[in-house]
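Spelled out from the first residue to the last, the chains are:
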Amino acid sequence: MVIVAVDLVIFAVTLGLVHFSFNLASNIPDIWPLASGFAKDTLQSLPALMLSFTILAGLLFELSQSSQFASSDIVNFLPISSSEYVSASVLSTSFIYSVILSIGLAATLPMALALGTPSIWILVAGLSVSSFLLGSIIIEILRAAVNRVSSAFYRKSGRATLIVRLVITVLVLVFVQIAFNPNFLFAFMRTFIGGLDVSWFIPILWPSLTIINALRGLEIYAFLYGVGSVSLLLVMLWVSVRLRAAYWVPVNVSVKVSSSVYAPGRSSLGRLGFGVVGSAIIRKDLRSMVRRREMARFLAIPIVMAIAMILPFALPSFGETPSGPSFYELAAVALFMGMGIFSLLTSMISIGQEGSAIWNICSSPVDPKTLVRAKAATILLISVPASVAMTVLISLFGGFGVNAFFAALIGGICLVTEESFVGLAVGAAFPDFSEIPRSRFVTVSGSFLGMILGTIIGLVTISPFAIYRFLPEILGLTILNLPTAFAATLALTAILTYISYQFAVSQASKLLREAPT
Amino acid sequence: MGVQITLYISSAASMLGLRLGMTLLALEMHSVKKNFGTIRAVNDLALTVGQGTVHGLLGPNGSGKSTTMKMILGLLRPDAGNIKVYGMDVASDPLKIKSMIGYIPESPRLYEFLTGVEYLDFVADVHSLSPELKKERITEFLNALELEGRENEMISGYSQGMKQKITIIGALLHRPKLLIMDEPLAGLDPRSARIVKDLIQKLSAEAVTTIFSTHVLEIAEAMCDRITILYQGNVLAEGTVPELREKAEMPGSSLEDLFLKLTGSGDVRPIVEALAK
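Every chain's residues receive numbers from 1 upward, in the order its sequence appears when written. Each chain gets a letter, beginning with A, and each ligand a number, beginning with 1, in the order they are written. With the structure being a predicted model, the display of local features is reserved for residues of pLDDT at least 70 and the display and counting of side-chain atom pairs for 80 or more, all residues being used for whole-chain, interface and lining totals. The basis for every side-chain value is the complete set of non-hydrogen atoms in the structure, without hydrogens or water.

Turning our attention to the layout of surface pockets. Residues and elements named next belong to chain A. Reported here for the second largest pocket is a volume of approximately 990 Å³. In this analysis, the protein atoms alone were mapped onto a 1 Å grid. Cavities are point sets where a 1.4 Å probe fits without being able to get out; pockets are open sets with protein on both sides within 12 Å along at least five of seven lines; lining residues have an atom within 4 Å of a point. Together, 31 residues line the second largest pocket, and A332, V333, F336, I462 and F465 are the ones closest to its centre. The set of elements that each furnish at least two residues to the lining of the second largest pocket consists of α14 (325-349), α17 (402-429) and α18 (444-475). Looking at the lining of the second largest pocket, the element that brings in the most residues is α18, giving 11 residues. The residue makeup of the lining of the second largest pocket, split by class, is 21 nonpolar, 7 polar and 3 charged. Grid points are joined across faces, edges and corners, and a volume is the space filled by probe spheres set on the points. Here a strand is any run of E in DSSP of at least two residues, a helix any run of H or I of at least four, and the numbering for each starts at the N terminus. Polar here means any residue outside two lists: the nonpolar Ala, Val, Leu, Ile, Met, Phe, Trp, Tyr, Cys and Pro, and the charged Asp, Glu, Lys and Arg; Gly therefore counts as polar.

Structure follows, in C-alpha cells:
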C-alpha cells in the first residue's frame, strides 16, 4: 500500500512539473523545437530505459544480498510451482522499482499531449510496462543461470573465482555509474535514437521501434514490432520458468581456497606493530572485503566517484580537452573524495558487517581498544597506500610542483585517517547486524548521520589547504602560508581522530558487554 | 609479586579443596534477573556449579537457558544479581572470564567467507595461542572430528554438522576451564556425537566444568552429574537424577517423565491425538 501511495504521489508531482515545463516551453519559440525533439526522443526510448533500469537495479540488489541467504531461501521448500514462483518474483521486483516507471509514465504524458499524440502515450505506457516486466524476467533468468554456472565454476577454480567475481562486480558497479550519468545518458540517447532504424535485429529494442513506426504513421510495422515485443516477453517468461524448474534449489558450493597443508606462522602484520589479536581481526576483515560479494560495492566507490566527477569534463560534448593542470587538480579532488568516502563507508560498516557472527568477537577475550584499532587499521591499510599512489600518479601526470605534491599527500592521508575513525565511531554506535533481505551493516539513521559528519569533518580537515590555495586568488588575502596550513591540518586531524577514536571505543565497549541477540 | 602470591594462594586453596573433598565452585549465580522489554527471561535465578562437574540445563523453549548461558559468559548483562566464575565477578574482568570459557551457541554463525582452518586460526589467535600450539591442536581436532581434507574449503560450503564441528573445535582450542554448550550435539553424526560426549567426560575428569543444555533427555541423564530444570525463567528443580526423582515422587521413572511432570506438561496424549486428526 505504501509503495502504491508513493507511486501515486510521485506520478502526480512529476506530471505537474513536466506539464508546467512543457507549457512554458511551448510559449517560447526558440526553445520549443528543442523541447519537442527531446519529448519525441524520450517517448521513443522510454521502454529501453525502463528495461535497462530494471536489469541494473536487479543486478545491484543481487550483488548486495548475502550469498548465504540466497541459498537457504525458504520458498524453495514450499509447495510452489516454478511458474508461480517466477511470476510472483517478477511482479515483486517490478513492484519494488515501480516508482521509476511511475516517473517515466508521468513525464511522458504531458510530452505526448504537447506533441498532440495522446494515443501514442497509451502505446508507450503499455510497452514501458512490458519492458519493465521483461527486465525483471531477465533478472530471474540470470539468477537461475548464475546458480548453475557459478556452482560448476567454483568447483573447478577455487581462489581464482573469488578474484574474478570481485573484479566483475566492481566493473558492473562502475558500468552502472557510467550508464546512469545524466551527461552520458543524454549522449547515449541521441546516438541510440539515430541508430534505431538499423537495430531491428536486437529484440529488446522492438518496443522502441514500435513507437517510432507509430509516430511515423507506419501502422503495419508498428503492429509487427508490437506483436514481436509481446512475444518476446512471453518467450523470456517461458525460458525463465524452465530454468527455474531445472535449477530450483541453489547448490551449496564448496570453494577450496588452498590445497596446501596448514602451517601457521607469525603474521607480517606483527612487524607493523599489531598484536596477535589485532592481526587476527585485520586478516579476517581483509578476507571479508575480498571474498564477500556484498562488500565489492564498497571497493568500487573510489573508481565510481572519480568517474562521476571526471566524466562530465572528459566527455567531448563539453568541448574541453582532458588535459592541463586544472583537469588534474579536479581529478585529484575527485579521487581524494572517492578515497574519503570509501574510508568513511567501509569504516561505518566494519562493525555491522560481522552480522550474526558477532558472537565470535563478543565471546572472545577481545578488548574494545584492540577491536577499534584493528577495524581502523584494516581500512587504513587499503586507503593510505592507495592515497599515496594516487598522489604520486596524479602529480606526475599533472606536473604538480613540490608544494602541491606535499599538500595533496598530507591532505589525502589526513582525510582518509579522519574519515576512517569518524565512520568507525558512527558504525559502532549504529550497527545493523541483520542480513535479511540484504545486509545494510549500519542503520539508516546511522548512515545519514555518518554522511553528514563525514562531509563536515572532511571539509574542516582540508579547509587550511583550501584557504591557502584559493583565498589569495578569490579575495587577494593571504591568511595562511603552506607550513601553517600543514600544521593546522595535522592538528585538526589529530584532535578529530582522537575524539572519534574515544567515542568508537566507548561504543565498542558497550557492544562487547551487551551482545546483540 | 602480588599477582604471584595470589596465584600461589589460589592454587594451594584449590589443592586443599580437592584433598579435603570440598567442592570448588566454577559458577555461582545469585538472584539473577533478566528482562527483555516486558518479557521476563530469567527471574531470581540462583545456581551453583562445582568444578569438574557436568551440569545440565533443561527446560522447554523460552525457559531462559540460552539467556542464562549468555549472562555467564558476559554476552548479556543481568538486570539484577551477580554471577561469579571461578570466584571472579563476570562484570569485573570480562576478558579474563572469556579467556577461561569455551562457548558453543545455540545456532552458531561462523564467518562463512573463511575456510575451516582460517576460522580456527582466527579463534586460536584471538586466544593468543602460540603458532606451534595452535597447529598441534587444530590438526589434532580436525583429525578427531574427521574434517581433515575439508579444512581449506570455505565454511559457506559446509553442511550444518560440519559447521557444528568447527564451532566445537573453536570452543575447545584454548583448553577452557569452563565449557558452556547450548545444544552442542545438534547436527552431529553419531560417531562425532560420541566423540564429543566422551571428550566432555574426559575433560570433566581433568577438572573442566561443563554447563550444557539439551532437549535430548537421554543424553542429559547419561552425562550430567547434576541437572537444573528451568521453567519460565525460574529454577523448578535442581539435583542429581535420583534427587529429582525423589522430589517429584516418581521413583524409577525416566528423566523425560520427570521433566514432563515438573514442567506441568505431563499428559501429552490429548495433544498428539488432536494433531493426528
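With that out of the way, let us pick up the pattern of salt bridges. All names here are of chain A. Whenever a carboxyl oxygen of Asp or Glu lies within 4 Å of a side-chain nitrogen of Lys or Arg, that contact is scored as a salt bridge. A complete count under the given rule lists 24 salt bridges over all chains for this structure. The partner of E354 in a salt bridge is K375, with the nearest N and O atoms 2.7 Å apart. Taken together, the residues span a long stretch of sequence, with E354 in the loop between α14 and α15 (359-362) and K375 in helix α16 (residues 368-398) at a distance of 21 residues. Exposure class is identical for E354 and K375. Each is buried. Here the term buried applies to any residue with accessible area under 20% of the maximum for its type, exposed to any over 50%, and partly exposed to those in between, with areas from a 1.4 Å probe on protein chains only.

Now for the sheet that holds strand β1 (residues 25-36) of chain B. All names here are of chain B. Think of it this way: DSSP has to see at least two bridges between two strands before they count as a pair. As summarised here, the arrangement of the 4 strands in space is β2-β1-β4-β5, forming an open sheet in which the pairing is antiparallel. Only two strands of the sheet have a single partner each, and these edge strands are β2 (39-50) and β5 (88-89). Bridging between β1 and strand β4 (residues 80-85) involves 5 bridges; their strand directions are antiparallel. Across the sheet, the residue bridging to E28 is K84, located in β4. Note on contacts: a residue pair is in contact if any heavy atoms of the two residues lie within 4.5 Å. The axes used here are C-alpha line fits, helices contributing only the stretch in contact, and every angle between their N-to-C directions lies in the interval 0 to 180 degrees. Running at roughly 120° to β1, helix α2 (residues 65-73) makes contact with β1, β2 and β4 of the sheet.

On to the packing of aromatic side chains, then. Whether two aromatic rings pair depends on their centres lying within 6.5 Å, for rings of Phe, Tyr and Trp, where Trp uses its six-membered ring; planes under 30 degrees apart make the pair stacked, over 60 edge-to-face, and the rest tilted. Throughout the structure, instances matching the rule amount to 10 aromatic pairs over all chains. Where F22(A) meets W32(A), the ring centres are 6.4 Å apart and the plane angle is 90°; that geometry is what we call edge-to-face. Residue F22(A) is found in helix α1 (residues 2-26), and its partner W32(A) is found in helix α2 (residues 32-64); the two are separated by 10 residues along the sequence. Relative to F486(A), the ring of F465(A) lies with its centre 5.3 Å away and its plane at 85°, an arrangement referred to as edge-to-face. Of the two residues, F465(A) sits in helix α18 while F486(A) sits in helix α19 (residues 482-513), which places them 21 residues apart along the sequence. The same class applies to F465(A) and to F486(A), which are both buried. Pairwise contacts between aromatic rings join Y111(B), F113(B), Y119(B) and F122(B) into one cluster. Should the NZ of a Lys or the CZ of an Arg lie within 6 Å of a ring centre and within 35 degrees of the ring normal, that charge is described as sitting over the ring. The ring of Y85(A) carries R244(A) above its face, with NZ or CZ at 3.8 Å from the centroid.

Residues and elements named next belong to chain B. Given the number of residues in a helix, its expected span is that number minus one, multiplied by 1.5 Å. Compared with the 20 Å implied by 1.5 Å per residue over 14 residues, the 20 Å span of helix α5 (residues 131-144) between its first and last C-alpha is a close match. Along α5, the residues that are buried comprise P131, K134, R137, I138, F141 and L142. Along the axis of α5, the buried positions cluster into a sector of 140°, meaning they face one direction only. Taken together, the buried residues of α5 touch α4 (116-126), α6 (160-172) and α7 (190-205). Residue E146 follows α5 closely and has a positive phi angle near 55°. Working definition: the arc comes from the directions between the helix axis and the C-beta atoms, pointing outward to the latter.

All names here are of chain B. Segmentation of the chain into domains, including their bounds, is taken from an automatic or database domain assignment. If you check the domain split of chain B, you get domain 1 (12-239) and domain 2 (242-277). Each side of the interface is counted separately: domain 1 has 14 residues, and domain 2 has 10 residues. We define buried area as the total accessible area lost by two parts upon association, computed with a 1.4 Å probe and summed across both. Across the domain 1/domain 2 interface, buried area totals approximately 1100 Å², and carbon plus sulfur atoms make up 72% of it. The largest share of the area that domain 1 buries against domain 2 comes from L217, E221 and I229, three residues that together contribute 41% of it. One can count 2 salt bridges joining domain 1 with domain 2. Across the salt bridge formed by E243 and R226, the nearest N and O atoms sit 3.4 Å from each other. Pairing of N or O atoms within 3.5 Å defines a polar contact, subject to two protein rules: one partner must be a possible hydrogen donor and the other a possible acceptor, and residues neighboring in sequence count only if both atoms are side-chain atoms. Linking domain 1 with domain 2 are 3 residue pairs in polar contact (both at pLDDT 80 or more), by the criterion used here.

On to the interface of chain B and chain A, then. Between chain B and chain A, the residue contacts involve 42 residues of the former and 43 residues of the latter. Carbon and sulfur atoms make up 58% of the surface buried where chain B meets chain A, a total of about 3900 Å² over both sides. When residues of chain B are sorted by the area they lose upon contact with chain A, R109(B), F113(B) and N152(B) head the list and together hold 19% of the total. At the boundary of chain B and chain A, one finds 6 salt bridges. At the level of elements, α2, α3 (94-100), α4 and α5 of chain B are the ones that each hand at least two residues to the side of chain B that touches chain A. Tallying contributions element by element places α4(B) first for the side of chain B that touches chain A, with 7 residues. Residue classes in the side of chain B that touches chain A are distributed as 19 nonpolar, 10 polar and 13 charged.

Turning our eyes to something else, we now look at the environment of L234(A). Within the fold, L234(A) resides in helix α10 (residues 219-246). Along the backbone, L234(A) and I137(A) are 97 residues apart, and their C-alpha atoms lie at a distance of 9.8 Å.

Residues and elements named next belong to chain A. The interhelical angle for the contact between α16 and α17, taken along N-to-C directions, is 155°, at an axis separation of 9 Å. Classed by the angle they form, the pair α16 and α17 counts as roughly antiparallel. The two elements α16 and α17 cross, and the hand of that crossing is right-handed. In contact with V372, K375, A376, I379, L380, S383, V384, S387, V388, T391, V392 and S395 of α16, α17 contributes F405, A408, L409, G412, I413, V416, T417, S420, F421 and L424. Across the contact of α16 with α17, the residue classes break down as 14 nonpolar, 7 polar and 1 charged. Angle categories: roughly parallel below 35 degrees, roughly antiparallel above 145, roughly perpendicular from 65 to 115, and oblique for all the rest. By convention, the crossing between two helices is left-handed when the near helix turns anticlockwise from the far helix through less than a right angle, and right-handed when the turn is clockwise.

Okay, the confidence of the model for chain A next. All names here are of chain A. Confidence scores here are pLDDT values: one per residue, from the predictor, ranging 0 to 100. Scored by pLDDT, chain A comes out at a mean of 83, with 84% of its residues at no less than 70. The least confident element of chain A is helix α3 (residues 67-70), whose mean pLDDT is 55; the most confident is α15, at 93. Segment residues 317-323: pLDDT under 50, and 6 contacts once partners within four positions in sequence are set aside and those in other chains are kept.

Attention now goes to unusual backbone geometry. All names here are of chain B. Positive phi, normally seen in glycine, also occurs at E146, with a value near 55°. You can see E146 is positioned in the loop between α5 and α6. Classification of E146 by relative accessible area gives partly exposed; the value is 39%. For E183, which is not a glycine, the phi torsion comes out positive at approximately 50°. Relative to the elements of secondary structure, E183 occurs in the loop between β7 (178-182) and α7.

Residues and elements named next belong to chain B. Restricting attention to buried positions, one finds in helix α10 (residues 255-262) the residues L255, L258, F259 and L260. On its buried face, α10 is in contact with β3 (54-58), α8 (217-223), β9 (226-231) and α9 (241-248). A positive backbone phi angle near 75° is found at G264, which sits one or two residues after α10.

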